[in-house]
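Close look at the chain arrangement
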Amino acid sequence: MNLLATQTCIEIHQEIGWTEKRTIETSFEMKLFDDQLIVKEDTYPLTSIFDISYRKKPEKGAMGFLYLHTNRGVRTYYIKEDAYSLVTAYKKLKSERPELR
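Residues numbered from 1 in each chain as written. Predicted model: local features only at pLDDT ≥ 70, side-chain atom pairs only at ≥ 80, totals over all residues. Heavy atoms only, no water.

**Section: the environment of His69**
Relative to the elements of secondary structure, His69 occurs in strand S6 (residues 64-70). As a C-alpha pair, His69 and Ile52 span 17 residues in sequence and 6.1 Å in three-dimensional space. If we skip the residues at most four places from it in the chain, His69 touches Ser48, Ile49, Phe50, Asp51, Ile52, Ser53 and Val74. At a separation of 3.2 Å, a polar atom in the side chain of His69 contacts the side chain of Ser53. (Helix = DSSP H or I, 4+ residues; strand = E, 2+ residues; numbered from the N terminus. Contact = heavy atoms within 4.5 Å. Polar contact = N/O pair within 3.5 Å; in protein donor to acceptor, adjacent residues only side chain to side chain.)

**Some details on the side chain of Ser48**
Position of Ser48 among the secondary structure elements: in the loop between strand S4 (42-45) and strand S5 (49-55). Engagement of the side chain of Ser48 in a polar contact is seen with the backbone oxygen of Pro45, the distance being 2.8 Å. Not counting residues up to four positions away in its chain, the partners in contact with Ser48 are His69, Thr70 and Asn71.

**Thoughts on the pairing of S4**
Moving residue by residue along a regular strand, the side chains alternate between the two faces of the sheet. As defined by bridge partners, strand S3 (residues 36-39) adjoins S4 across four bridges and the pair is classed as antiparallel. The residue bridging Ile38 from the neighbouring strand is Thr43, located in S4. Hairpin connection, S3 to S4: the antiparallel pair is bridged by two residues, and Lys40 has positive phi, about 50°. (Pairing = 2+ DSSP bridges.)

**Digging into the pattern of salt bridges**
Scanning all chains against the criterion turns up seven salt bridges. In this structure, Lys91 engages Asp51 in a salt bridge whose closest nitrogen and oxygen atoms are separated by 3.1 Å. With Lys91 in helix H1 (residues 84-96) and Asp51 in strand S5, this pair connects stretches of sequence that are 40 residues apart. Note on Lys91: relative accessible area 42%, which makes it partly exposed. The network of salt bridges with common partners includes Glu15, Glu20 and Arg22. (Salt bridge = Lys/Arg side-chain N within 4 Å of Asp/Glu carboxyl O. Buried < 20%, exposed > 50% of the residue type's maximum accessible area, 1.4 Å probe, protein only.)

**Quick look at the layout of surface pockets**
Estimated volume of the largest pocket: approximately 160 Å³. Along its surface, the largest pocket is lined by Ile10, Glu11, Phe28, Val39, Lys40, Glu41, Asp42, Thr76, Tyr77 and Tyr78. Among the elements of the structure, strand S1 (3-16) and strand S7 (73-79) are those that each provide at least two residues to the lining of the largest pocket. Among the elements that take part in the lining of the largest pocket, S7 stands out by supplying three residues, more than any other. Of the residues assigned to the lining of the largest pocket, the class counts are five nonpolar, one polar and four charged. (1 Å grid on protein atoms, 1.4 Å probe; cavity = no way out; pocket = protein on both sides within 12 Å on 5 of 7 lines; lining within 4 Å. Points joined across faces, edges and corners; volume = space filled by probe spheres on them. Nonpolar A, V, L, I, M, F, W, Y, C, P; charged D, E, K, R; others polar.)

**Focus on the nonpolar core**
If you look at the biggest cluster of nonpolar residues, it comprises 22 residues, and the most contacted ones within it are Leu37 and Tyr77. Of all the secondary structure elements, the ones that give two or more residues to this core are S1, strand S2 (21-33), S3, S5, S6, S7 and H1. Leaving out residues up to four positions away in the same chain, Leu37 has contacts with Met30, Lys31, Leu32, Asp42, Thr43, Tyr44, Leu46, Ile49, Leu68 and Leu86. (Core = buried A, V, L, I, M, F, W, Y, C linked by side-chain atoms within 4.5 Å.)

Here you go:
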């Protein structure tokens, strides 16, 4: 297993206290290997992924969305950093391996 690319994703939780509401952000890594994609506890074989895409406004600190299109549906993840390297690495891998098309 060779690590090809990583993407930092954000998880957002809200907590309500006695006098305030807090928004808590935690981050985790999405890791693309040459045979699978690992997101927290979930593992996606590359043969089950149809596409990876993202939308993010160019403003610094803007929240964006990364879309993972799989045979189990579309998963959406929050991102703050451009996902260009992850998407490019996936598309290159897909173009090189006929079983992923």
